[in-house]
Amino acid sequence: MLALLAYGRRARAKIAVLVGAYAVVIPRNIRKLIVLGDPMPVSVGLGSVFLQGSNTRFFTGEGKRPHYRELFAEAAAAGIRKPATDRKSAIDGWMGRVGLYVYEKRFKEHPLSMLPFMALKFARLWYGTETRGIRREILLAFCSVLIVPLGVGRWLRWRSEARGPAAIVLGCVAYFMILHWITLPQIRYMLPVYPLLLAGSTAAVA
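Fair warning: this is a prediction, and the values are worked out from it, not measured in the lab.

1. A look at the packing of helix H7 (residues 134–160) against helix H10 (residues 194–205)
Line of reasoning, step 1. Relative orientation of the contacting elements H7 and H10 amounts to 80°, with a least axis distance of 7 Å. On the basis of their axis angle, the class for H7 and H10 is roughly perpendicular. Listed contacts from H10 to Ser144, Ile147, Val148, Leu150, Gly151, Val152, Arg154, Trp155, Arg157 and Trp158 of H7 are Tyr194, Leu196, Leu197, Leu198, Gly200, Ser201, Ala203, Ala204 and Val205.
Line of reasoning, step 2. Considering only residue class, the contact of H7 with H10 consists of 13 nonpolar, four polar and two charged.

Next up, the structure:
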């Protein structure tokens, strides 16, 4: 207790928020462990989206279905075998390892292709969908080009003016951008930050 008091009021507030977050999550973790027998932290799915974002062939639902079976057989031959359990966390972890195998294979066989591939993934953050539709993606890309640069630029200017909330907004945008750039680049994953970008772009043209 004395140590917490020594940190000061602001630090104690951050600790209280952290404890409150754990208080909400931990009971659910205990339930999953008891009911499902699976010690997953909150949910699973990171491994599957990491795999889906590891190759352009897997970006869409129509693309991944015909290619996954061949990929899983190749990964098994390389020693990455599907676990003999139906635990979701184990299956998701295995899919993540398969995705890492795809990246390692690309880096070994075609190292120069990593740069254009990652550039494509970054671009798809702002227009990509899981179903093919060139007209829809062109429209989404057009809207993003109008919104994203203006929004980010306006928040950067606010940040340079020493406005604290601007740093939080930019941090949120960076978090979503980096997370889904690494995993699966789709515009639906970026939607939570679009209201913030819209606010910035509106202010930029006002």
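That was the structure; now back to the text.
2. Quick notes on the packing of aromatic side chains
Two measures describe an aromatic ring pair: the distance that separates the ring centres and the angle between the ring planes.
Line of reasoning, step 1. Taken as a whole, this structure holds 11 aromatic pairs when the rule is applied.
Line of reasoning, step 2. Between Phe122 and Trp126 the ring centres are 6.4 Å apart and the planes differ by 75°, which places this aromatic pair in the edge-to-face class.
Line of reasoning, step 3. Trp126 sits in the buried class, given a relative accessible area of 11%.
Line of reasoning, step 4. Between Trp155 and Trp158 the ring centres are 4.6 Å apart and the planes differ by 70°, which places this aromatic pair in the edge-to-face class. In this pair, Trp155 and Trp158 are both assigned in helix H7, three residues apart and thus about one turn of the helix distant. Trp158 carries the same exposure label as Trp155, and that label is buried.
Line of reasoning, step 5. Members of the aromatic cluster, joined through ring pairs, are Phe50, Phe59, Tyr103 and Phe117.
Line of reasoning, step 6. Residue placement shows Arg106 over the ring face of Phe117; its charged tip is 4.1 Å from the ring centre.

3. Details of the confidence of the model for the protein chain
Line of reasoning, step 1. Here the protein chain shows a mean pLDDT of 85. Residues at 70 or above account for 79%.
Line of reasoning, step 2. Here residues 1–7 is modelled with pLDDT under 50, and outside its nearest four sequence neighbours on either side it reaches three contacts, counting other chains as well.

4. Points about the nonpolar core
Line of reasoning, step 1. Membership of the largest hydrophobic core is limited to 12 residues, which are Leu51, Phe58, Tyr68, Leu71, Ala75, Ile80, Ile91, Trp94, Met95, Val98, Tyr101 and Val102.
Line of reasoning, step 2. Of all the secondary-structure elements, those providing two or more residues to this core are helix H4 (61–77) and helix H5 (88–109).
Line of reasoning, step 3. In contact with Met95, not counting residues within four places along its chain, are Gly47, Ser48, Leu51, Tyr68 and Phe72.
Line of reasoning, step 4. Grouped together as the second largest cluster of nonpolar side chains are 10 residues, Trp126, Ile147, Met190 and Tyr194 included.

5. Here we look at a nonpolar patch on the surface
Line of reasoning, step 1. On the surface, a cluster of nonpolar side chains totalling about 320 Å² of accessible area is made up of Leu139, Phe142 and Leu146.
Line of reasoning, step 2. With respect to the helices, strands and loops of the structure, Leu146 is situated in helix H7.

Basis of the calculations
- Note that residues are indexed from 1 along each chain, following the sequence as it is written.
- Where local features are concerned, this predicted model is filtered to residues with pLDDT of at least 70; where side-chain atom pairs are given and counted, the filter is 80 or more; whole-chain, interface and lining totals use all residues.
- Note that the side-chain values use all heavy atoms of the structure and ignore hydrogens as well as water.
- Lines are fitted to the C-alpha atoms to define the axes, a helix being fitted only along its stretch in contact, and any angle between axes, read from their N-to-C directions, falls within 0 to 180 degrees.
- Working definition: helices are DSSP H or I runs of at least four residues, strands are E runs of at least two. Numbering for both runs from the N terminus.
- In this scheme, roughly parallel covers angles under 35 degrees and roughly antiparallel covers those over 145, while 65 to 115 is roughly perpendicular and the rest are oblique.
- Pairs of residues are marked as contacts when any of their non-hydrogen atoms sit within 4.5 Å.
- Gly falls in the polar group here, along with every residue not listed as nonpolar (Ala, Val, Leu, Ile, Met, Phe, Trp, Tyr, Cys, Pro) or charged (Asp, Glu, Lys, Arg).
- Aromatic rings from Phe, Tyr and Trp, with only the six-membered ring used for Trp, were paired whenever their centres fell within 6.5 Å, and each pair was classed as stacked if the ring planes differed by under 30 degrees, edge-to-face if by over 60, and tilted otherwise.
- The classification of residues rests on relative accessible area computed with a 1.4 Å probe and restricted to protein chains. Under 20% of the type maximum is buried, over 50% is exposed, and intermediate values are partly exposed.
- Geometrically, a charge over a ring is one whose NZ (Lys) or CZ (Arg) sits within 6 Å of the ring centre while staying within 35 degrees of the ring normal.
- Confidence of the prediction at every residue is given by pLDDT, a number between 0 and 100.
- For the purposes of this section, nonpolar cores are sets of buried Ala, Val, Leu, Ile, Met, Phe, Trp, Tyr and Cys residues that join through side-chain atoms within 4.5 Å.
- Patch construction takes residues with relative accessible area above 30% that form no salt bridge. Like charges are linked within 9 Å, and nonpolar side chains (Val, Leu, Ile, Met, Phe, Trp, Tyr) are linked within 5 Å.
- The Shrake-Rupley method, run with a 1.4 Å probe sphere, supplies the accessible areas, and residue values consider only the shown protein chains as cover.
- Just to be clear on terms, a salt bridge is a Lys or Arg side-chain nitrogen sitting within 4 Å of an Asp or Glu carboxyl oxygen.

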